[in-house]
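# Per-entry structural report
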Amino acid sequence: RQLGQQLGHVRADQMGAELVEGSDLRVVDGRVAMRTTTGYTPIDVIYRRVDDNYLDPLSFVPDSILGVAFSSDGARLLSASPDGAVRLWDVAARKEIRQVKGPVSRVRSVAFSPDGSRVASGAEDGLIHLWDAVSGSELGRLLGHAGDVSSLAFSRAGHRLASGSADGTVLM
């Protein structure tokens, strides 16, 4: 067990990530924050370490869920799935609310618009899908990446969407 903890620290160090326990996380001003020695600091990404095989910084297991995003109020969570589905969760109830699926293989990244009305999902085929968060209907598709869409972020006003890809490009 001690060796496993040491390996976890090494992996977190390689990834530039902090190791925290669930009791160190809370929603502050509508954002997930972690407890530090100076108070709570907002965070943007949460990696869940299931076991040593499911969080390796050098080669992630392809069938793990990599993309997650909280709504700005912290009440809903999106998860990106290897089967091409984007799942919307009620955080308090810990239940799936809805599932949307486009004609893609693995979904790598997800994001909520700041007002929570729209969802963006990025996949390994380079496509970005926009969804209505209430109805689940597809609003459109964005092209431009030649590789996995690994990150998505809406602007604070929600009028722009930035995307990062394994092909080395960032598009807006």
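Starting from 1, residues in each chain are numbered consecutively following that chain's sequence as written. Two thresholds apply to this predicted model, a pLDDT of at least 70 for residue-level local features and 80 or more for giving and counting side-chain atom pairs, whereas whole-chain, interface and lining totals are computed over all residues. Excluding hydrogens and water, the side-chain values take into account all heavy atoms of the structure.

### Structural notes on the sheet that holds strand β5 (residues 76-80)
The strand order across the open sheet built from four strands is β4-β5-β6-β7, with neighbouring strands paired in antiparallel fashion. One side of each edge strand has no neighbouring strand; the edge strands of this open sheet are β4 (68-70) and β7 (95-101). Put simply, the sheet's adjacent strands are angled 20° from each other on average, direction ignored. For two strands to pair, DSSP has to find at least two bridges joining them. Labels follow the DSSP assignment, with helices taken as runs of H or I lasting at least four residues and strands as runs of E lasting at least two, numbered in each case from the N terminus. Relative to β7, strand β6 (residues 85-90) is paired through six bridges, and the arrangement is antiparallel. By the bridge assignment for β7, V86 is matched with V100. Only the stretch in contact is used when a helix axis is fitted, and all axes are lines through C-alpha atoms; the angle between N-to-C directions ranges over 0 to 180 degrees.

### Re the pairing of strand β3 (residues 39-42)
Bridge analysis of strand β2 (residues 31-36) against β3 gives four bridges, and the strand direction is antiparallel. Bridged to M34 within β3 is T41. The turn linking β2 back onto β3 is made up of two residues.

### Describing the confidence of the model for the chain
The predictor's confidence in any single residue is recorded as pLDDT, a number from 0 to 100. Across the chain, pLDDT averages 78, with 76% of residues at or above 70. Any pair of residues with heavy atoms lying within 4.5 Å of one another is described as a contacting pair. Predicted confidence for residues 1-7 stays below pLDDT 50, and this span has two contacts to residues more than four positions away or in other chains. Note that residues 53-61 has pLDDT below 50 and, in this model, 17 contacts with residues that lie over four places away or in other chains.

### A closer look at the side chain of D24
One can find D24 in the loop between α1 (2-15) and β1 (25-28). The exposure class assigned to D24 is buried, which follows from its relative accessible area of 19%. Polar contacts here mean pairs of N or O atoms no more than 3.5 Å apart (in protein, one a potential hydrogen donor and the other a potential acceptor; neighbouring residues in sequence count only if both atoms are side-chain atoms). Within the structure, D24 has its side chain in polar contact with the side chain of R35 (distance 2.7 Å). In this structure D24 touches A33, M34, R35 and Y40, once residues within four positions along its chain are discounted. Burial classification: accessible surface area is computed with a 1.4 Å probe over protein chains only, and a residue below 20% of its type maximum counts as buried, one above 50% as exposed, and the rest as partly exposed.

### Observations concerning the pattern of salt bridges
Here a salt bridge means any side-chain nitrogen of Lys or Arg lying within 4 Å of a carboxyl oxygen belonging to Asp or Glu. Using the criterion set out here, one finds five salt bridges in the structure. Residue E96 pairs with R87 through a salt bridge whose shortest N-O separation is 3.5 Å. In this structure, the salt-bridge partner of R108 is E124, at a minimum N-O distance of 3.4 Å. With a gap of 16 residues between them, R108 in strand β8 (residues 107-112) and E124 in the loop between β9 (118-123) and β10 (128-132) connect regions that are remote in the sequence. Connected through shared salt-bridge partners, R108, E124 and D148 make up one network.

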